[in-house]
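Observations on the model geometry
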Amino acid sequence: MRPNPQFFRVAIDTPLRRLFDYLPPALPESATGPKPGMRVRVPFGRRRLVGVVMAVSDTSDLPAERLRPILEVLDGTPALDASALELIQWAAEYYHHPVGQVLASALPRLMRLGASVVATEERWTLTGGGLAAAAAGEPRRAAKQRALLDFLVSTGGAAAAGSLSEHSVGWRDAARSLEKRGFLARAEVALVEVAEPARVRAAGPTLLPEQRDAVERVGQASRAYAAFLLEGVTGSGKTEVYLRLTEEALAQRRAVLVLVPEIGLTPQLVGRFRERFAAPLAVLHSALTDQERLAAWRAAWSGQARIVLGTRSAVFAPLPDLGLIVVDEEHDASFKQHEGALRYSARDLAVVRARLARVPVVLGSATPSLETLNNVASGRYTRLRLLRRTGESQPPRLALIDLRETTVEAGISTPATLAMERHLAADGQVLVFLNRRGYAPTLLCTACGWIAPCRECDARLTVHLAAARLRCHHCGADAPLPARCLQCGFAVKPVGQGTERIEAALATRFPHLPIVRLDRDVVRRRGDLAEVVRRMASGEARILVGTQMVTKGHDFPNVTLVVVLNADQGLFSTDFRAPERLAQTIVQVAGRAGRGPKPGEVLIQTEFPQHPLLMSLLERGYDGFAEAALAERLQASWPPFSRLAALRASGKTRDTALGFLSEARAAAGTTPRGLKLLGPVPAAMAKRAGRYHAQLLIESHERRPLHQFLDAWLPRVEAQKSAQRVRWALDVDPLELF
Ligand code: ADP
Ligand code: ZN
Ligand code: ZN
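Let's shift gears to the coordination of the zinc ion (ligand 2). Coordination sphere of the zinc ion (ligand 2), protein contribution only: Cys445 (SG), Cys448 (SG), Cys485 (SG) and Cys488 (SG), at 2.3 to 2.4 Å. Relative to the metal, the four donor atoms surrounding the zinc ion (ligand 2) lie at angles of 104 to 113°, and the coordination shape comes out tetrahedral. With relative accessibility at 36%, the residue Cys448 sits in the partly exposed group.

Before going further, it helps to spend a moment on the coordination of the zinc ion (ligand 3). Coordination of the zinc ion (ligand 3) by the protein comes from Cys454 (SG), Cys457 (SG), Cys472 (SG) and Cys475 (SG), over a distance range of 2.2 to 2.3 Å. Here the zinc ion (ligand 3) is ringed by four donor atoms whose angles at the metal span 103 to 114°, and the overall shape comes out tetrahedral.

In terms of burial, strand 19 (residues 429-433) is a largely internal element, five of the five residues being buried. Burial of strand 19 is two-sided: the residues Gln429, Leu431 and Phe433 facing one way and the residues Val430 and Val432 facing the other way are all buried. Pairing between strand 19 and strand 27 (residues 559-564): five bridges, direction parallel. Paired with Val432 across the strands is Val563, a residue of strand 27. In this sheet, strand 26 (residues 543-546) lies alongside strand 19 in parallel orientation, the contact comprising four bridges. By the bridge assignment, Phe433 is partnered in strand 26 with Gly546.

A few words on the sheet that holds strand 10 (residues 255-259). Read from one edge to the other, the open sheet built from seven strands follows the order 11-12-10-13-14-9-15, with strand pairing classed as parallel. The sheet is open, and its two edges are formed by strand 11 (281-284) and strand 15 (381-386), each paired on a single side. Each strand of the sheet is rotated relative to its neighbour by a mean of 20°, with strand direction disregarded. Strand direction decides the pairing type here: strand 10 and strand 12 (residues 307-310), joined by four bridges, are parallel. Counterpart to Leu257 in the pairing with strand 12 is Val308.

The next point concerns unusual backbone geometry. The omega angle of the peptide bond from Glu138 to Pro139 is -15°, so this bond is cis rather than trans. For Pro139, the location among the structural elements is in the loop between helix 4 (128-135) and helix 5 (143-154). The omega torsion across Gly679 and Pro680 is 10°, close enough to zero to call that bond cis. Tracing the backbone shows Pro680 in strand 30 (residues 675-688). One non-glycine residue, Asp321, lies in the positive phi region at around 60°. Tracing the sequence through the fold places Asp321 in the loop between strand 12 and strand 13 (322-328). Assessed through its relative accessible area of 51%, Asp321 is described here as exposed. Positive phi, normally seen in glycine, also occurs at Asp733, with a value near 55°. Residue position: Asp733 is located in the segment after strand 32 (727-732).

Thresholds applied
- Residues numbered from 1 in each chain as written.
- Chains lettered and ligands numbered in written order.
- Predicted model: local features only at pLDDT ≥ 70, side-chain atom pairs only at ≥ 80, totals over all residues.
- Heavy atoms only, no water.
- Donors = N, O, S within 2.8 Å, 3.2 Å for Na, K, Ca; no water.
- Tetrahedral: all angles 85-135°; square planar, octahedral: opposite > 155°, others 65-115°.
- Buried < 20%, exposed > 50% of the residue type's maximum accessible area, 1.4 Å probe, protein only.
- Helix = DSSP H or I, 4+ residues; strand = E, 2+ residues; numbered from the N terminus.
- Pairing = 2+ DSSP bridges.
- Axes fitted to C-alpha atoms, helices over the stretch in contact; angles between N-to-C directions.

See the structure below:
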């Protein structure tokens, strides 16, 4: 009898918002029991699942007779250390998500299936019997087996599967036979990798005074939590500051976590870290295979990789001795997971992680989010500014082109065309930005007015001319491009512009100049992005046409002109964040001009040159815009001056989605003071991928009452019968309101 029965509180990947108690596993006397952070295999109903021990307790709500023991302990050392568990617990509470499912978002899939966190290798060892057999020249009739025994004797009695394979091709059958006879033993043993000390491969440039100041200010906080906004336009030297801070952390034998919006789009940043440090670096992003992800996770967990660079989910990466967190392009919306189960902001979690781990966190951006700027204003974050561009480059000149007052051909105005001619003649490169891929957003019948619709969405199909397809950019529907109207048989024509069409129009206008395009259609295949970047960077291509993708991380020093074809999407949106996103995009695209010694020019085509947003941006820059936008948010009491959560639902019909949300609203009863429920309303694009979407917003002045309300309300929402008929999710701090 154990004097103190212990109960293990285990998180399991189920929708249930609780932990599950288990009894200790049957272990030999000497073995120590599971500890928090270790993975265990447990019986769950009729299944056996892998869970994580969150806590060990002396009590359980259930009588011990009703509990079952843990079947197996999968980790010798916790897969998740105390600070990782703390972060996961925090995320579960803040996002009101079952902790087992938060873990599922945090752990690589193979780890959830039970893969060892320690890299192992298969080893074969001679037994005493095997040694005697080898000495006696046995087994006489099996040459392969005899050769294998001899080889193992020559290696000192044991060898890894890898070297056995190098030695002979068919060794495995021989080894199995020898194992059956008791001559050999097989085992999975932990690979002990010695963490190499991190070295600086190449020294960086002498820092500019502002950079030095930034490095010093962050450095002073090195063993305490502090949050910094590192603000500076592209090319102002932010990355150099990250590199220098990383160097200092590595020198103190501490690890660094760098979060970026999209790895595929920022190969240059990864390259800069690899060039600078001879330290093992783990890269974590969504395009990895399960094996690659496991390998990167193991490298981080074991302390082998001292630098972890990754997208969103890398915020959960295990990093013993974490010393610094960097979030590059902190304003980028891809830090927000806005689909699937756990909807979290990796940027916000990075700040929480820094606080829990007591380390500094640096948020870098040329166009900080209004949330972050508000945190600066309230004194929670310290602002560090890099005002000048490094080198000789000058900030570009911005001007608006009034589309109502000029001739426009294929989406490009006469003044824009003239400017392009001028810059190209002066050997500059030109970047043309349009946030819409495909050839044209609409296929129209000139006789009856039919417009090719998506059957699954409230949306039009986009014409992809080169591929001769009609595609839906919302659900992926894909159909042949019809030659005639499907309704009346008359001729159809593409209406409006996409990047593919702009590329074609420019090829006609500048027939002798090489043009490249950068959008998701082009970079589907790996390597294509690198090729486009190479052709632009080498100067071989003269014009680049692209979507949002062109704003990320590439440095084309010879681009002297940027043309923004359409600034007007986003000026009149129902989403209160649309202006912020538009301003960020314009500033980011504009930042691509004049990165080299030649001055840059930015032309923005619009039908609303008097729009206050565009005017504040042009006259007072991003700062001026942000100030005006924050004042508007305060007045309307939108975030960051209030807290939002969205209950989202989709169903087979409009009524199932709305019905579920109406019932949820009723279940809220009288809402507490300071809290408002708005809706439910159908989403702006109600039908998407064949399902109807709707949302109910919860707005609160303060954070605490919102979370108290959600805690009490969600179990009731979950229990609704109508919840069975919809897919629903709670989105705390939603970034996009549809
Ligand atoms: P950002 O990350 O803000 O875009 P980078 O750190 O990439 O800026 O700097 C832009 C360019 O200037 C890079 O080529 C970088 O190597 C160079 N650079 C940065 N800091 C310095 C410095 N102190 N002295 C000289 N060159 C620098
Ligand atoms: Zn027609
Ligand atoms: Zn669709």
